[in-house]
Amino acid sequence: MAKANTPHIAIIPSPGMGHLIPFVELAKRLVEHDCFTVTLIISSESSPSKAQRSVLNSLPSSIASVFLPPADLSDVPSTARIETRVMLTMTRSNPALRELFGSLSTKKRLPAVLVVDMFGTDAFDVAVDFHVSPYIFYASNANVLSLFLHLPKLDETVSCEFRYLTEPVEIPGCVPITGKDFLETVQDRNDDAYKLLLHNTKRYKEAKGILVNSFVDLEPNAIKALQEPAPDKPPVYPIGPLVNTSSSDVNVENKSECLDWLDNQPFGSVLYISFGSGGTLTFEQFNELALGLAESEKRFIWVIRSPSGVASSSYFNPHSQTDPFSFLPIGFLDRTKEKGLVVRSWAPQVQILAHPSTCGFLTHCGWNSTLESIVNGVPLIAWPLFAEQKMNALLLVEDVGAALRIHAGGDGIVRREEVVRVVKGLMEGEEGKAIGNKMKELKQGVVRVLGDDGFSTKSFSELLLKWKDHQREINQETSH
Ligand code: UDP
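Nothing here was measured: the structure is a model prediction, and the numbers come from that model. (Residues numbered from 1 in each chain as written. Predicted model: local features only at pLDDT ≥ 70, side-chain atom pairs only at ≥ 80, totals over all residues. Heavy atoms only, no water.)

1. A look at the overall build of the chain
Along its length, the chain carries 17 helices and 13 strands. Against the compact-globule benchmark of 23 Å for 480 residues, the chain has a radius of gyration of 22 Å, which places it among compact chains. Based on the C-alpha atoms only, the size of the chain along its principal axes is roughly 75 × 50 × 50 Å. Taken across its 480 residues, the chain has 60% of its residues classed as buried. Taking contacts inside the chain between residues at least 6 apart in sequence as the whole, the part at least 24 apart equals 74%. For the chain, the accessible area works out to roughly 20,000 Å², and carbon and sulfur atoms hold 51% of it. (Helix = DSSP H or I, 4+ residues; strand = E, 2+ residues; numbered from the N terminus. Rg over C-alpha atoms; globule rule 2.2 N^0.38 Å. Buried < 20%, exposed > 50% of the residue type's maximum accessible area, 1.4 Å probe, protein only. Contact = heavy atoms within 4.5 Å. Areas by Shrake-Rupley, 256 points an atom, 1.4 Å probe, with all protein chains shown as cover.)

2. A closer look at the sheet that holds strand S6 (residues 209–212)
Taking strand neighbours across the sheet as the criterion, the seven strands line up as S3-S2-S1-S4-S5-S6-S7 in an open arrangement whose pairing is parallel. Sheet topology places strand S3 (63–67) and strand S7 (236–238) at the edges, where each strand pairs with a single neighbour. Taken pair by pair, the neighbouring strands of this sheet meet at an average axis angle of 25°, ignoring direction. Two strands pair when backbone bridges link them, and strand S2 (residues 37–42) and S3 are joined in this way by five bridges, in the parallel orientation. When the bridges of S3 are listed, Val38 appears paired with Ile63. (Pairing = 2+ DSSP bridges. Axes fitted to C-alpha atoms, helices over the stretch in contact; angles between N-to-C directions.)

3. A short note on the pattern of salt bridges
Applying the stated criterion across every chain, the model contains 23 salt bridges. The closest approach of N and O atoms between Glu288 and Arg415, which form a salt bridge, is 3.5 Å. With Glu288 in helix H10 (residues 283–296) and Arg415 in the loop between strand S13 (403–405) and helix H15 (416–428), this residue pair connects regions lying 127 residues apart in the sequence. Among the salt bridges present, the one from Lys337 reaches Asp334, with a minimum N-O distance of 3.8 Å. Given the relative accessible area of 53%, Lys337 is considered exposed. Through salt bridges with shared partners, a single network forms among Glu284, Glu288, Asp411, Arg415 and Arg416. (Salt bridge = Lys/Arg side-chain N within 4 Å of Asp/Glu carboxyl O.)

4. A few points about the site of the ligand
The environment of the ligand is formed by 16 residues, the closest being Ser277, Ala347, Asn368, Ser369 and Glu372. His364 places a polar side-chain atom, nitrogen or oxygen, 2.9 Å from an oxygen atom of the ligand. Glu372 is positioned such that a nitrogen or oxygen atom in its side chain is 2.5 Å from an oxygen atom of the ligand. Protein burial of the ligand: of its 530 Å² of free accessible surface, 95% is covered by the chains. (Near = heavy atom within 4 Å. Polar contact = N/O pair within 3.5 Å; in protein donor to acceptor, adjacent residues only side chain to side chain.)

5. Re the packing of aromatic side chains
Inspection of the entire model under this criterion finds 14 aromatic pairs. Seen from their ring centres, Phe23 and Phe137 are 5.0 Å apart, and the 55° between their planes marks the pair as tilted. Here Phe137 lies in strand S5 (residues 133–138) and Phe23 lies in helix H1 (residues 17–34), a separation of 114 residues in the sequence. Here Phe137 falls in the buried class, since its relative accessible area comes to 0%. Seen from their ring centres, Phe162 and Tyr194 are 6.1 Å apart, and the 55° between their planes marks the pair as tilted. (Phe/Tyr/Trp six-rings, centres within 6.5 Å; stacked < 30°, edge-to-face > 60°.)

Here it is as structure tokens:
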């Protein structure tokens, strides 16, 4: 509950675990250290998934959460991209948000600040009408944020699909990137997802500031360039890495099974394999990965979901409707029972990455997964699937040197031999050692930036000071 003089911040993530988790961490950071009051506003197109409910149930009582009524997407075809569904959910939740702000205003509990997601800038209309200061929390990295900020200009100056550009696109401070490596959402400029994203990025300039979940040791040049003042670019605050580190994790279904199993493995011997909260593989790919893991003869924990032709098919609900074990190759479990643990749908990732038996992470390069690995100094194998994951992989492999890239063949399938090559490369090769050393360096960088005088701490403090001043101004105005 908002107390009279305590700065009150409202935050509104977009649907999907990958956005809910960092927003919850932001909320926790605000209430823990700085006596802010936080209201977490949840929008959706249906009732929350089991995984979402378990995150929300783990919130401290100091964080209020409000569920907006589900947005009506009945006119949206089932073939629409997830980004389209996400952005429409946010926009169509505006009337309910307006009603909520109206009722908070009557009770004199309006927030001073509204922090929206990268896909939720239409909520600025509500914020501005109620004199609430609009901010964005960009729960991905500075390179992708830079592309988002450049998208309106690219849209004006490039007439073809970006993937047909012959030269890499140079954005200040960023890894030069070819159009075909741009995030999936912008690969078809006639698709609604592109149009909605462009619309959102055009509104970024209306924000009073953009918080980005990255840190200076990881992306020094992109962050420096983002912090150069420029017209139409709000101040950027690198406040990361903001990750869930708490041992009292949410969804505990498989927790003790995984952690007990890890306790019984040798130090630094286990590869963790997961494609995030919603990534899925095709049946053929699932099979090749299984056979590659078995052939590598390395220890592993693999989080599996039932195969699907659409890589993001579990985005809104990580739990498979069918039993994913039934898709494993015949004999796989027997063949790997001494060395591998296969887990259904969801694992206690943060604890697995922090466990001393874990020595590597084969990941889809979702930004939370990447940061959670960095915080624990765990080297990566990059296997991007959808959204901005290819861009994250490029950053991690080409620029940072914190990941080995797995390669698909001409048919788009990563074959079992390639799985064996990268798994062994990471776990016993020279390249793997170099990546491990880079990760150790980054882990130390995390400690530095989050220390009392650290870059991210200072950036966050600067922002909080602004928010406190803003709340004070509001209090003075309302007391007159
Ligand atoms: N996660 C987890 N257990 C799982 C899969 C995912 O705890 O089995 C968490 C993971 O720790 C991370 C988030 O879900 O915080 C996934 O976010 P990310 O940005 O990596 O990928 P996304 O799910 O958005 O694709």
